[in-house]
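# Observations on the three-dimensional arrangement
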Amino acid sequence: ADALLSLRRPEEARARYRRILAEDPVNAAARSGLVFAEVEAEDFHAAHAVVDDQLRDTGASIAARRTEVMLLRFADRLDDAETRLDRLRAELPDDAGLWLDQGELLARRGLPRAAAERFQAVLDRDPHSVRASVGLAEALWAQGAIADAGQAVAALQATAPEHPAVQRLANAWQRSKRPT
């Protein structure tokens, strides 16, 4: 299912995730994957239904609430996403995963410097976080730090060339034809 989603075949991915969930209804990875597939298929109603079910079935677990924040961010409901993320951060202030979510929300709000600070904090804790490295590269690029962004893109291509987010970033970088 994950492979189908990375190949941008969300309808097929949805079917696979649903089969997994039929056998294992509490599989958090499959539920999150199904949310991504619904978003990729541009069916936000279905994505919200999956999140609502996950929140109900898990007693509003941390993972379910993080998925909700992600969905709200993708749906451009940034104020709602920030409110829910702030609640999570109050509960778990040292959770680097929530710092990562905050960095992505700040980037979506058009605040690349603040986003870069959050991504760097994640990388200080986990230097191998591809998601944080991609976020930092994008934030540097958005700030106009072209040389630094180019170095970050090159490093990601060297260390995680198969990662879908790295491939998307590298393709965008190549299309931009920005000097490094």
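Up top is the structure these notes are about.
The paragraphs below set out a description of the structure included in this document. Given the structure is predicted, the values throughout are model-derived calculations rather than measurements.

Time to look at the packing of aromatic side chains. Throughout the structure, instances matching the rule amount to two aromatic pairs. With a centroid separation of 5.9 Å and 65° between ring planes, the pair formed by F36 and F74 is classed as edge-to-face. Here F36 is found in helix α3 (residues 28–40), whereas its partner F74 is found in helix α5 (residues 62–74), with 38 residues between them in sequence. In this structure F36 comes out as partly exposed when scored by relative accessible area, which is 36%. Its relative accessible area of 26% is what places F74 among the partly exposed residues. Residues W141 and W173 carry aromatic rings whose centres are separated by 4.8 Å and whose planes lie at 70° to one another, so their mutual orientation is edge-to-face. With W141 in helix α9 (residues 130–143) and W173 in helix α11 (residues 164–176), this pair connects stretches of sequence that are 32 residues apart. Accessibility expressed as a relative area gives 7% for W173, which makes it buried. Seen from the ring of F74, R73 lies directly overhead, with NZ or CZ sitting 5.0 Å from the centre.

What follows is about the environment of S61. Note that S61 resides in the loop between α4 (44–57) and α5. Exposure remark for S61: the relative accessible area of 23% places this residue in the partly exposed category. One polar contact links the side chain of S61 to the main-chain amide nitrogen of A64, over a distance of 3.1 Å.

So, how was this worked out
Residues numbered from 1 in each chain as written. Predicted model: local features only at pLDDT ≥ 70, side-chain atom pairs only at ≥ 80, totals over all residues. Heavy atoms only, no water. Phe/Tyr/Trp six-rings, centres within 6.5 Å; stacked < 30°, edge-to-face > 60°. Helix = DSSP H or I, 4+ residues; strand = E, 2+ residues; numbered from the N terminus. Buried < 20%, exposed > 50% of the residue type's maximum accessible area, 1.4 Å probe, protein only. Lys NZ or Arg CZ within 6 Å of the ring centre and 35° of its normal. Polar contact = N/O pair within 3.5 Å; in protein donor to acceptor, adjacent residues only side chain to side chain.

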